[in-house]
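Spelled out, the chains give:
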Amino acid sequence: MPEDYEPLLQDSVEIAAAPARVWDLVHDVRRIPQWSPQVDSTRLRAGYEQVELGAQFTNRNSHGDLEWTTHGEIVRFEAEQEMAFRIQENRVVWSFRLEPTSQGGTRLTQRRETPDGISDSSLELTDAFLGGQATFTEVQRAGMRQTLEGIKAAAER
């Protein structure tokens, strides 16, 4: 892996809403485009009717003028606790984890993990078209913050 590659990115936010309310917002991958600055659309793939463990979906993503499609599968799905999906093209696992707070709210954590590393093709594309690993990592960090803040605002409405 490149020197500037970070295997784990993570950010959290405290939300003044119960885990059930936050779960309603984050468990359905089709809602991610509402908050993510990179994901433009998400749809379940043919044969999948519900968002649940094993469900597969397709994302349409963009960064500046660049657009691309990715394919995901839900790999962890525990009601009001965690939803995680793995992206086929780069092997990255994205997740939302919910933890109740002592004040009756929720601590929501978004993670990007790379338990199997990032695919060589993804590393090459990031270096060639997305400004390199360090630059794109900062874009992803900012995107995570924007996503979490958007979910927080929606949950607290």
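Scroll up a little and you will see the structure.
Every value quoted in this text rests on a predicted model; they were computed, and no experiment measured them. (Residues numbered from 1 in each chain as written. Predicted model: local features only at pLDDT ≥ 70, side-chain atom pairs only at ≥ 80, totals over all residues. Heavy atoms only, no water.)

### Focus on the overall build of the chain
Next up, step 1: Across its full length, the chain holds three helices and seven strands.
Next up, step 2: Of the regular secondary structure in the chain, the N- to C-terminal order runs β-α-β-β-β-β-β-β-α-α.
Next up, step 3: The globule rule puts the C-alpha radius of gyration for 157 residues at 15 Å, and the 15 Å found for the chain is close to it.
Next up, step 4: Considered along the principal axes of its C-alpha atoms, the chain spans approximately 45 × 35 × 30 Å.
Next up, step 5: Burial statistics for the chain: of 157 residues in total, 45% are counted as buried.
Next up, step 6: As displayed, the chain has an accessible area near 8,100 Å², and 46% of this comes from carbon and sulfur atoms.
Next up, step 7: If the 17 positive side-chain charges of the chain are averaged to one point and the 26 negative ones to another, these points end up 4 Å apart. (Helix = DSSP H or I, 4+ residues; strand = E, 2+ residues; numbered from the N terminus. Rg over C-alpha atoms; globule rule 2.2 N^0.38 Å. Buried < 20%, exposed > 50% of the residue type's maximum accessible area, 1.4 Å probe, protein only. Areas by Shrake-Rupley, 256 points an atom, 1.4 Å probe, with all protein chains shown as cover. Lys, Arg positive; Asp, Glu negative; His and termini not counted. Charge placed at Lys NZ, Arg CZ, Asp CG, Glu CD.)

### Overview of the nonpolar core
Next up, step 1: Ile15, Val22, Val26, Phe85, Leu108 and Ile151 are the most contacted members of the largest nonpolar core, which totals 32 residues.
Next up, step 2: If sequence neighbours within four positions are ignored, Ile15 has contacts with Val22, Gly105, Thr106, Leu108, Ile151, Lys152, Ala155 and Glu156. (Core = buried A, V, L, I, M, F, W, Y, C linked by side-chain atoms within 4.5 Å. Contact = heavy atoms within 4.5 Å.)

### Observations concerning the packing of aromatic side chains
Next up, step 1: Applying the stated criterion across every chain, the model contains two aromatic pairs.
Next up, step 2: Aromatic side chains Phe57 and Phe85 sit 5.3 Å apart centroid to centroid with 80 degrees between the ring planes, which places their arrangement in the edge-to-face category. Of this pair, Phe57 sits in strand S3 (residues 56-63) while Phe85 sits in strand S5 (residues 82-87), and the two are 28 residues apart along the sequence. (Phe/Tyr/Trp six-rings, centres within 6.5 Å; stacked < 30°, edge-to-face > 60°.)

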